[in-house]
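# Notes for the structure review
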Amino acid sequence: LTGGNPEWSGYRLSTAARSANGTVALRAATETGQTIQLVWEAPAGTLRLEQDGQTLLSQPLPPKAADAWRQLSLFGRDHTWFGFADGQCCLRLDSDRPASLTGRFALGVTAGEAYFDDVAVCPVAKLLPETDRAMGEEGSPVAWGGLGQHGIERYTVYAMPWLARASASEQQAVELVLPTYRDAVLRYDASPGLRIPGSAEAATLALPEAPQRWLAVEAPAWHDYVFPDRLTEWTPSGGNWIPLSRWSCDPEWHWVGTETNARSALWYDHELTPPYAVNAVLSLGARDYFGEEYTRGRDLNLQVAGDGSDLDRGFSVRAMNARDRGVELWRDGQLVAQAKGVGMPSGHTLHHNWYEVAAWVEADRIRVRFEGVTVIDQKLEKPAERGRLAVWTERNSIRVARITVAGGR
């Protein structure tokens, strides 16, 4: 499969790929006329960089299920070649010649069987430092283009101000939804941007003038996901997580989600070390065959410091019904804190709203937030360990619009 233009130069090539027994190659020419390619050998679980058929560098990849998709990226910058898999730099090789892709590219399967999707080309000059992503792409500090763009969500959960909202307490100011942890920049309209010092608290920023056209937070520690494409940095467990219609009465509207009679989780592939935070925008699917869950909201849940498989390991944040259990924090299967009187509502209208569930994790403290308000602030006797995060539910139908992860990587 070939694409691109002969005039192209200085670009990043990426694709989602799936294979259980194949060997996949991303191939292009260099400025010096050689052929460079990134090769994923699925049976061996390795990623390697080759030039003119000679292996320059090879690295094993973390294991994933045979039917899982991977996001592969190849590009050069200055005198260095990069090979990324699922948002992580796996291969980096310095060269004595300029490192740049030029001309047309090719995607190939040299053995076995493989599938491609979501092929994307981007100028290297637009990539953020230390990443293979440009602003607006999935996994960048701000992702644009989630499912349901033709609905009201384009003005709400997918709007540019979603992660930097108008302040409720100060005039002409914005409040960040998450801590930045590292120095960041708020960019808007044609301004040079405002520097945001790194902090474990969410910043409030006064603006010289109100933004008129656009704004975005360029935070190196943020990774934003709106799930428009194949799942490549997230692994389902206990059920399928696929685009599903949200309402049984109107099948037009789809978001990634699951419908399960047991426990089902969507695990983040990257391990996180405190401090970090996650903000998830979730909703219920209108499915009356789940009984009382059709009109009684519950179980829009997060897992932090988990092991990637067992939902009774680590910390569970459970957003239950406000009329009974409220919002709960569990550790290793034991309830440690509860906020009653807050949580999911009851009634048919709950299917028309999106709900924010968030956790801010420090080594000795966890803050649980629901709808932008801290409802649990728990000191920890035993420190939170490095681990995985997940969105999950139990005997339920849920949808995911957006998940933003800050820090930890």
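Here goes a summary of the coordinates provided. Not measured: the values here are computed from a predicted model. (Residues numbered from 1 in each chain as written. Predicted model: local features only at pLDDT ≥ 70, side-chain atom pairs only at ≥ 80, totals over all residues. Heavy atoms only, no water.)

Here we take up the layout of surface pockets. The gaps left among the atoms become clear once a water-sized probe is rolled over them. Put simply, the largest pocket is a space of about 840 Å³. In terms of lining residues, the largest pocket is bounded by 40 residues, among which Asp86, Gly87, Gln88, His270 and Arg409 are the most central. Breaking the lining of the largest pocket down by element, the ones donating at least two residues are strand S8 (80–85), strand S9 (88–94), strand S18 (222–225) and strand S30 (388–407). With three residues, the top contributor of residues to the lining of the largest pocket is S9. Of the residues belonging to the lining of the largest pocket, the class tally is 16 nonpolar, ten polar and 14 charged. What the second largest pocket holds in volume is close to 450 Å³. Around the second largest pocket sit 20 residues that line it, and Asp67, Trp69, Leu231, Pro236 and Trp241 are the ones nearest its centre. When contributions to the lining of the second largest pocket are tallied by element, the ones reaching two or more residues are strand S19 (234–237) and strand S20 (242–247). Tallying contributions element by element places S19 first for the lining of the second largest pocket, with four residues. Class assignment of the residues belonging to the lining of the second largest pocket gives a composition of eleven nonpolar, four polar and five charged. (1 Å grid on protein atoms, 1.4 Å probe; cavity = no way out; pocket = protein on both sides within 12 Å on 5 of 7 lines; lining within 4 Å. Points joined across faces, edges and corners; volume = space filled by probe spheres on them. Helix = DSSP H or I, 4+ residues; strand = E, 2+ residues; numbered from the N terminus. Nonpolar A, V, L, I, M, F, W, Y, C, P; charged D, E, K, R; others polar.)

A cis geometry characterises the amide bond from Pro274 onward to Pro275, with omega recorded as 5 degrees. Topologically, Pro275 is positioned in the loop between strand S21 (250–268) and strand S22 (276–284). Unusually for a residue other than glycine, Asp78 sits at a positive phi of about 55 degrees. One non-glycine residue, Gln172, lies in positive phi territory at about 45 degrees.

In this section: the sheet that holds strand S13 (residues 173–176). Here three strands make up an open sheet; going across it, the order is S12-S13-S16 and the pairing antiparallel. Here the strands that pair on one side only, and so sit at the sheet edges, are strand S12 (164–166) and strand S16 (204–206). Strand-to-strand twist across the sheet, computed as the mean angle between neighbouring axes with direction ignored, equals 30 degrees. (Pairing = 2+ DSSP bridges. Axes fitted to C-alpha atoms, helices over the stretch in contact; angles between N-to-C directions.)

Ranked by internal contacts, the top residues of the largest apolar core, which has 43 residues, are Phe227, Leu300, Val304, Val391 and Ile403. Per element, the largest residue contribution to this core is six residues, and it comes from S30. In this structure, Leu300 is in contact with Leu282, Ser283, Leu284, Val317, Ala319, Met344, Tyr355, Val357, Trp392 and Ile398, ignoring residues within four places of it in sequence. (Core = buried A, V, L, I, M, F, W, Y, C linked by side-chain atoms within 4.5 Å. Buried < 20%, exposed > 50% of the residue type's maximum accessible area, 1.4 Å probe, protein only. Contact = heavy atoms within 4.5 Å.)

Our focus in this paragraph is a nonpolar patch on the surface. A cluster of nonpolar residues, Trp144, Met160 and Trp214, forms a patch on the protein surface that exposes about 260 Å² of accessible area. Positionally, Trp214 belongs in the loop between S16 and strand S17 (215–218). (Patch = residues over 30% accessible without salt bridge, like charges linked within 9 Å, V, L, I, M, F, W, Y side chains within 5 Å. Areas by Shrake-Rupley, 256 points an atom, 1.4 Å probe, with all protein chains shown as cover. Salt bridge = Lys/Arg side-chain N within 4 Å of Asp/Glu carboxyl O.)

Note that Thr349 resides in the loop between strand S26 (334–339) and strand S27 (355–362). Judged by relative accessible area, which is 54%, Thr349 ranks as exposed. Considered as a pair, Thr349 and Leu1 are 348 residues apart in the sequence and their alpha carbons are 48 Å apart.

Attention now moves to the pairing of S13. Here S12 runs beside S13; their pairing, made up of three bridges, is antiparallel. In the strand pairing of S13, Ala164 is matched with Leu176. Of the strand pairs in this sheet, S13 and S16 are connected by three bridges, and their pairing is antiparallel. From the neighbouring strand, Ala173 faces S16, where its bridge partner is Ala206.

Taken together, three strands build an open sheet; the order of strands is S15-S14-S17 and the sheet is antiparallel. In the strand order of this sheet, the two ends are held by strand S15 (194–196) and S17, each with one partner. Averaged over all adjacent pairs, the angle separating strand axes in this sheet is 20 degrees, with direction ignored. With three bridges connecting them, strand S14 (residues 184–188) and S15 associate as antiparallel partners. What sits directly across from Leu186, in S15, is Leu194.

Under the criterion given, the structure shown has ten aromatic pairs. When the ring of Tyr225 is compared with that of Trp234, the centres are 5.4 Å apart and the planes differ by 85 degrees; the resulting orientation is edge-to-face. The same class applies to Tyr225 and to Trp234, which are both buried. Relative to Tyr268, the ring of Trp234 lies with its centre 4.6 Å away and its plane at 35 degrees, an arrangement referred to as tilted. Remark: Tyr268 occurs in strand S21 and Trp234 occurs in strand S19; sequence separation between them is 34 residues. This pair shows no difference in class: Trp234 is buried, exactly as Tyr268 is. (Phe/Tyr/Trp six-rings, centres within 6.5 Å; stacked < 30°, edge-to-face > 60°.)

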